[in-house]
Amino acid sequence: MNYAATLAVLVILSFFFPLVVRIANEYGVPETVITIAVLAALTFLVSSGIIRWRVGRHRTDLERLDTARAQVLMDPEDPRAYYVDGEHLAQMLLKLDRRREAAQIVDRYACLGGARESEIVALREALTRTEWYRRRNS
């Protein structure tokens with residue numbers, strides 16, 4: 001569902017809610033029952049929207065990861081092959097909680113001739129931070 005459709009649904013709900021409450025009161029349905037039903041429906045809509053957004057973002061992350069892996073396989077000696085849209089392959093792996101693979105990529109990247117020392121240090125720090133958070137939250 002796009003933004004216009006979502007906005008239209010919210011406008012319709014906000015317009016019809018007082019009308020539905022009035023009609024339900026005439027038939028003897030208490031206001032609290034109507035309010036709870038509408039809040040449950042809104043909770044369902046919001047949660048389904050969040051889930052769709054997270055799944056879409058995860059799918060996009062996996063596509064970018066596949067692109068980066070293909071670039072590295074095509075030219076493993078080029079430091080630029082490890083980047084997709086300005087993000088390093090190891091960073092992508094860390095976002096997906098694949099720490100072992102990320103550590104291997106950082107080690108391979110560190111062995112390249114054209115890799116900058118500052119990038120290598122930043123990647124190792126990110127790896128260390130991820131390990132620290134994992135141990136802290138376990």
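Just so we're clear, the structure is a prediction, and the values are computed from it rather than from any experiment.

**Student:** Describe the overall build of the protein, naming the residues involved and giving the relevant values.
**Tutor:** For the protein, the helix and strand inventory stands at 5 helices and 2 strands. In the protein, the order of α-helices and β-strands from amino to carboxyl end is α-α-β-β-α-α-α. Computed over its C-alpha atoms, the radius of gyration of the protein comes to 25 Å, more than 25% above the 14 Å expected for a compact globule of 138 residues. Counting only C-alpha atoms, the protein reaches 80 × 35 × 20 Å along its principal axes. Per-residue burial for the protein yields a buried fraction of 25% across its 138 residues. For the protein, the proportion of contacts with a sequence separation of at least 24, taken over those separated by at least 6, is 47%. When the accessible surface of the protein is totalled, it reaches about 10200 Å², and 61% of it is carbon and sulfur.

**Student:** Go over the side chain of Asp61 with me, naming the residues and quoting the values.
**Tutor:** Assignment of secondary structure puts Asp61 in helix α2 (residues 31–74). Non-local contacts of Asp61, meaning those with residues more than four positions away in its chain, are made with Lys95 and Leu96.

What counts as what
- Residues numbered from 1 in each chain as written.
- Predicted model: local features only at pLDDT ≥ 70, side-chain atom pairs only at ≥ 80, totals over all residues.
- Heavy atoms only, no water.
- Helix = DSSP H or I, 4+ residues; strand = E, 2+ residues; numbered from the N terminus.
- Rg over C-alpha atoms; globule rule 2.2 N^0.38 Å.
- Buried < 20%, exposed > 50% of the residue type's maximum accessible area, 1.4 Å probe, protein only.
- Contact = heavy atoms within 4.5 Å.
- Areas by Shrake-Rupley, 256 points an atom, 1.4 Å probe, with all protein chains shown as cover.

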